[in-house]
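Descriptive structure summary
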Amino acid sequence: MRRQTLPLLLLPLLLAAAPTAAQMKMLGTTPEMPDPLAIPAVPPIAEAPPVRYSLFGPGGAQSGDAQFQPEVGQAGKDVIWVPTPDSLVKAMLTTAEVKPTDIVVDLGSGDGKIAIAAARDFGARARGIEFNPDMVALARRNAQRAGVAGKASFQQGDIFETDFTDATVITMYLLPSLNLKLRDTLLKMKPGTRIVSHAFSMGEWEPERTISTDEATGYYWIVPANLAGRWAFEVGSERFATELGQQFQMVTLPRGGPLKEGRVRGLSVTFTRANGEQLQGELRGNQLVGNGWVATRIKPAG
Ligand SMILES: C[S@@+](CC[C@H](N)C(=O)[O-])C[C@H]1O[C@@H](n2cnc3c(N)ncnc32)[C@H](O)[C@@H]1O
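Residues numbered from 1 in each chain as written. Predicted model: local features only at pLDDT ≥ 70, side-chain atom pairs only at ≥ 80, totals over all residues. Heavy atoms only, no water.

This paragraph deals with the pattern of salt bridges. As enumerated under the stated definition, the model contains 16 salt bridges in all. As a salt-bridge pair, Glu-277 and Arg-273 come within 2.8 Å of each other at their nearest N and O atoms. For Arg-273, a relative accessible area of 5% translates into the label buried. With a shortest N-O distance of 3.6 Å, Arg-284 and Glu-282 are connected by a salt bridge. Since its relative accessible area comes to 35%, Glu-282 is described here as partly exposed. (Salt bridge = Lys/Arg side-chain N within 4 Å of Asp/Glu carboxyl O. Buried < 20%, exposed > 50% of the residue type's maximum accessible area, 1.4 Å probe, protein only.)

What follows is about the site of the ligand. Close to the ligand lie 22 residues, the nearest being Asp-78, Thr-84, Asp-106, Gly-108 and Glu-130. Backbone polar atom of Gly-108 to a nitrogen atom of the ligand: 2.7 Å apart, as the coordinates give it. Backbone polar atom of Ile-159 to a nitrogen atom of the ligand: 3.0 Å apart, as the coordinates give it. Bound to the protein, the ligand loses 99% of the 600 Å² it would expose on its own. Classifying every residue of the shell around the ligand by side-chain character gives 10 nonpolar, six polar and six charged. (Near = heavy atom within 4 Å. Polar contact = N/O pair within 3.5 Å; in protein donor to acceptor, adjacent residues only side chain to side chain. Areas by Shrake-Rupley, 256 points an atom, 1.4 Å probe, with all protein chains shown as cover. Nonpolar A, V, L, I, M, F, W, Y, C, P; charged D, E, K, R; others polar.)

Here we take up the packing of aromatic side chains. Tallying each qualifying case throughout the model produces eight aromatic pairs. Here Trp-205 and Trp-221 contribute two aromatic rings whose centre-to-centre distance is 6.0 Å and whose plane-to-plane angle is 50 degrees, an arrangement assigned as tilted. Separated by 16 residues along the polypeptide, Trp-205 in the loop between β5 (194–198) and β6 (209–212) and Trp-221 in strand β7 (residues 217–222) bring together distant segments of the chain. On the accessibility criterion, Trp-221 (0% relative accessible area) is buried. Taken together, a centroid distance of 6.2 Å and an interplanar angle of 75 degrees make the contact between Phe-271 and Trp-293 edge-to-face. Here Phe-271 is found in strand β12 (residues 268–273), whereas its partner Trp-293 is found in strand β15 (residues 293–300), with 22 residues between them in sequence. Note on accessibility: Phe-271 and Trp-293 belong to one class, buried. Ring pairs connect the aromatic residues Trp-205, Tyr-219, Trp-221 and Phe-248, which therefore count as one cluster. Taking NZ or CZ as reference, Lys-77 lies 5.8 Å from the ring centre of Phe-131, over its face. Lys-181 extends its terminal NZ or CZ atom over the ring of Phe-160, reaching a point 4.1 Å from the ring centre. (Phe/Tyr/Trp six-rings, centres within 6.5 Å; stacked < 30°, edge-to-face > 60°. Helix = DSSP H or I, 4+ residues; strand = E, 2+ residues; numbered from the N terminus. Lys NZ or Arg CZ within 6 Å of the ring centre and 35° of its normal.)

So, on to the nonpolar core. With 31 residues, the main nonpolar core has Leu-107, Phe-164, Ile-170, Met-172, Leu-186 and Ile-195 as its most contacted residues. For this core, the secondary structure elements donating two or more residues are β1 (103–107), β4 (169–172), α6 (176–187) and β7. Counting 30 residues, the second largest nonpolar core, distinct from the first, contains Val-89, Ala-91, Ala-146 and Ile-211. (Core = buried A, V, L, I, M, F, W, Y, C linked by side-chain atoms within 4.5 Å.)

On to the packing of helix α3 (residues 86–95) against helix α4 (residues 113–122). The N-to-C vectors of α3 and α4 enclose an angle of 60 degrees; their axes lie 10 Å apart at closest approach. Compared by their axis directions, α3 and α4 come out oblique. You can see that α3 and α4 cross each other, and the crossing is right-handed. Residues Asp-86, Val-89, Lys-90, Met-92, Leu-93 and Thr-94 of α3 touch α4, and the partners they reach there are Lys-113, Ile-114, Ala-117, Ala-118 and Phe-122. Grouping the constituent residues of the contact of α3 with α4 by class yields seven nonpolar, one polar and three charged. (Axes fitted to C-alpha atoms, helices over the stretch in contact; angles between N-to-C directions. Parallel < 35°, antiparallel > 145°, perpendicular 65-115°, else oblique. Left-handed = near helix turned anticlockwise from the far one by under 90°. Contact = heavy atoms within 4.5 Å.)

Attention now goes to the sheet that holds strand β2 (residues 125–130). The mixed open sheet is built from seven strands, whose spatial order is β3-β2-β1-β4-β5-β7-β6. A strand with exactly one partner marks an edge of an open sheet, and here the two such strands are β3 (152–156) and β6. Sheet twist, expressed as the average angle between the axes of neighbouring strands with direction ignored, equals 20 degrees. Sheet topology note: the β2/β3 ladder contains five bridges and is parallel. Bridge pairing in β3 links Ile-129 to Gln-155. (Pairing = 2+ DSSP bridges.)

Fine structural detail should not be taken from predicted coordinates in areas where pLDDT scores are low. Averaged over every residue, the pLDDT of the chain is 86; the share at 70 or more is 79%. Here residues 25–53 is modelled with pLDDT under 50, and outside its nearest four sequence neighbours on either side it reaches 52 contacts, counting other chains as well. Residue range residues 57–61 is modelled with pLDDT below 50. Its contacts to residues more than four positions away, or to other chains, number five contacts. (pLDDT = per-residue confidence, 0-100.)

Structurally, Ile-211 is set in strand β6. Along the primary structure Ile-211 and Met-92 are separated by 119 residues, whereas in three dimensions their C-alpha atoms are 7.1 Å apart.

See below:
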């Protein structure tokens, strides 16, 4: 069942003017990151900038076709449809280092442009999950026209009820509140899974990188491995044991202990010892293995 999520009074404005990320943000709950597209007030409709988007590059075909013309700002189940500008699509997929072995899943895929670009320009297998069946059908036709129907598929469904644990890269353009609702699911994905969000953050889970283009901003995260527990370290001839806690990608450490700082990026870890020395390594099962050092998890957390 489709649910109208926009305040009715706002809908005519959104349908008449192309909504920006800033306007989408205003429709969300609590914006957490400054949006470089933010404008002090909604400009008069006559001055609203046109949304620039195309599936096939500047001057190329627009998103809709003879069978279905989507309207920027049309209601969606949990968020309206606004396409990500081409420049940011490219920057998001480049930042996530998408490659042919990846499975890219766009959550709320609209006209399919992100999944299609991932397949066409980066050689990945890609899938879009979209609630609106007309958009799903349009995205399939767009993939056909782009020559990537075999690599970019589209599934009608609710992103909160559809399995996407096979993804190695997640893309999304939703709302701050929806990102937060997805956060636990995303954190349970395979360590190293890359996540890119257009415009909206993930609360206290700090992005690894901010992606800026002239038109829009995105954020990039890497699902961290879980390091929580008690570890026995062997660094050269030294031996010490310490507890490691974790808040997203940041390792939390006992004050005054042998390690001062720690950070996880997928399966890669970096520690700074109390003496300033850096330890870099990788999680392999229950061991952290680096050059000249190793640590073994002797007790999992809790
Ligand atoms: C802001 S648009 C982004 C479209 C596309 N990802 C892009 O960046 O160009 C959000 C899309 O999510 C869809 N959507 C909203 N709630 C959804 C839900 N619960 N499950 C699946 N799709 C949803 C909307 O129909 C819309 O097409």
